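Observations on the three-dimensional arrangement
Single-letter residue listing:
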Amino acid sequence: MEPILIDVPERIETDRLVLRAPRAGDGRLVNDAIAVSHAELLPWMPWAGTMPSVDESEAHCRRQQARFLLREDFVFFVFVRSAAGGEGELVGGTGLHRIDWTLRKFEIGYWRKTGCQGRGYVTEAVRALARLAFDQLDARRVEIRMDDNNARSWRVAERAGFTLEALLRFDSATPAGEPRSTRIYARVRGFHEPTPL
């Protein structure tokens with residue numbers, strides 16, 4: 001099946017969160033969250049190298065919305081779920097990236113807004129995306145990659161049930177250009193996930 005014909009929900013609800021695909025008008029909200037978190041994101045996220053303007057954030061949200069519709073990349077913003085089930089505070093972002101539809105392989109990425117650590121929001125969002133990948137997108141493999149020095153990030157992967165498969169020593173560079181090692185965590189159908197009947 002052509003990927004553009006695959007149904008992918010633009011909204012996922014968990015016990016405490018709403019994960020929602022980007023849409024026009026999200027730029028200001030996302031820009032505010034990045035501004036608050038910029039110093040914390042800078043060592044880990046290449047896209048955080050320069051603080052974007054509100055217009056640049058809006059353009060990025062619209063490009064991500066288009067890529068979602070084309071089934072090229074699935075970005076979700078993470079909101080605390082209000083008592084009525086709506087979107088409360090934006091607490092971060094996540095997504096299924098580097099999609100290989102032939103192999104049914106996905107990579108989960110995530111970031112968290114400063115001040116929202118220690119509440120389990122990112123782990124809850126990652127579990128929801130893993131369920132989306134395996135249950136609805138027929139994933140064979142879902143990976144999470146991060147800098148070996150980013151202990152908070154690899155603890156999320158471990159709490160979400162991912163297994164450390166490899167440490168690639170000095171395989172890439174940090175946003176500052178320093179050599180970095182990458183941890184690769186994965187969940188695999190037939191090993192971590194049941195094979196469909």
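Heads up: the structure comes first, above all this text.
Here we summarise the structure given alongside this text. (Residues numbered from 1 in each chain as written. Predicted model: local features only at pLDDT ≥ 70, side-chain atom pairs only at ≥ 80, totals over all residues. Heavy atoms only, no water.)

**Focus: helix α3 (residues 121-136)**
For clarity, the cut-off: Numbering of helices and strands runs from the N terminus, with a helix taken as a DSSP run of H or I at least four residues long and a strand as a DSSP run of E at least two residues long. Expected helix span is given by 1.5 Å per residue-to-residue step, counting one fewer step than there are residues. Here's how the labels work: a residue is buried when its accessible area is under 20% of the maximum for its type, exposed when over 50%, partly exposed in between, all with a 1.4 Å probe on protein chains only.
Between its first and last C-alpha, α3 extends 22 Å over 16 residues, near the 22 Å set by a 1.5 Å rise per residue. Across the 16 residues that make up α3, a large majority, twelve, are buried. Buried within α3 are the following residues: Tyr121, Val122, Thr123, Glu124, Ala125, Val126, Ala128, Leu129, Ala130, Leu132, Ala133 and Phe134. Looking one or two places after α3, you find aspartate 138, whose phi comes out positive at around 55 degrees.

**Remarks on the nonpolar core**
A general feature of soluble globular proteins is that nonpolar side chains tend to end up buried together. Quick reminder of the rule: Within this scheme, the nonpolar core is defined by two criteria: the residues are buried Ala, Val, Leu, Ile, Met, Phe, Trp, Tyr or Cys, and they are joined through side-chain atoms within 4.5 Å.
Formed by 39 residues in total, the largest nonpolar core has its most connected members in Ile108 and Phe162. For this core, the secondary structure elements donating two or more residues are β2 (17-20), β3 (74-81), β4 (87-100), β5 (105-112), α3, β6 (141-147) and α4 (151-159). Leu41, Ala48, Phe79 and Leu90 belong to the second-largest nonpolar core, a separate cluster that totals 13 residues.

**Regarding the environment of valine 156**
Of note, valine 156 is situated in helix α4. Judged by relative accessible area, which is 6%, valine 156 ranks as buried. Each C-alpha atom, one on valine 156 and one on glutamate 124, is 9.1 Å from the other, the two residues being 32 residues apart in sequence.

**Re the pairing of strand β7 (residues 163-173)**
For clarity, the cut-off: Being paired, for any two strands, means DSSP has found at least two bridges between them.
Here seven bridges tie β7 to strand β8 (residues 179-188), and the two strands are oriented antiparallel to one another. When the bridges of β8 are listed, alanine 166 appears paired with isoleucine 184. Counted along the chain from β7 to the antiparallel partner β8, the turn is five residues long, and its residue glycine 177 has a positive phi close to 90 degrees.

**Concerning a positive patch on the surface**
As a reminder of what qualifies: Each patch groups residues whose relative accessible area exceeds 30% and which form no salt bridge, using 9 Å between like charges and 5 Å between nonpolar side chains of Val, Leu, Ile, Met, Phe, Trp and Tyr. Computed with the Shrake-Rupley method and a 1.4 Å probe, the accessible areas treat only the protein chains shown as cover for residues. Note on definitions: salt bridges are taken to be side-chain nitrogens of Lys or Arg within 4 Å of carboxyl oxygens of Asp or Glu. In this tally, Lys and Arg are treated as positive and Asp and Glu as negative; His is ignored, and so are the chain termini. The atom standing in for a charge is NZ when the residue is Lys, CZ when it is Arg, CG when it is Asp and CD when it is Glu.
Where like charges cluster on the molecular surface, the positive patch consists of Arg127, Arg152, Arg155 and Arg159. No other element matches the three residues that α4 contributes to the positive patch. In this fold, arginine 152 is placed in helix α4.

**As for a nonpolar patch on the surface**
A cluster of nonpolar side chains, contributed by Met1, Ile4, Leu5 and Leu70, occupies part of the molecular surface with about 450 Å² of accessible area. With respect to the element layout, methionine 1 can be found in the segment before β1 (11-13).

**Concerning the packing of helix α1 (residues 27-41) against helix α2 (residues 54-69)**
Any two packed helices are characterised by how steeply their axes cross, that is the angle between the axes, and by the distance between the axes. So the rule is basically this: Only the contacting stretch of a helix is used when fitting its axis, a line to C-alpha atoms as for every element, and angles between N-to-C directions run 0 to 180 degrees. Take the far helix as your reference; a near helix turned counterclockwise from it by less than a right angle gives a left-handed crossing, and one turned clockwise gives a right-handed crossing. By definition in these notes, contact holds between two residues if any of their heavy atoms fall within 4.5 Å. In the scheme used here, Gly and all other residues not listed as nonpolar or charged are polar, with Ala, Val, Leu, Ile, Met, Phe, Trp, Tyr, Cys and Pro taken as nonpolar and Asp, Glu, Lys and Arg as charged.
Where α1 contacts α2, the two axes come as close as 8 Å, and the packing angle between them is 115 degrees. Helix-helix and strand crossings are classified by hand; for α1 and α2 the assignment is right-handed. For the pair formed by α1 and α2, the contact residues are Gly27, Arg28, Val30 and Asn31 on the first element and Val54, Ser57, Glu58 and Cys61 on the second. Within the contact of α1 with α2, the residues separate by chemical class into three nonpolar, three polar and two charged.

**Things to note about the side chain of arginine 112**
Put simply, the test is: Here a polar contact is recorded for every N or O atom pair within 3.5 Å, except that within protein the pair must consist of a potential hydrogen donor and a potential acceptor, and residues adjacent in sequence are included only if both atoms are side-chain atoms.
As for its placement among the helices and strands, arginine 112 is situated in strand β5. Judged by relative accessible area, which is 17%, arginine 112 ranks as buried. For arginine 112, the side chain forms a polar contact with the side chain of glutamate 40, separated by 2.9 Å. Here glutamine 117 takes part through its side chain, which lies 3.2 Å from a polar atom of the side chain of arginine 112. Residues within four places of arginine 112 in sequence aside, it is in contact with Ser37, Glu40, Leu41, Val91, Gly92, Gln117, Val122 and Arg152.

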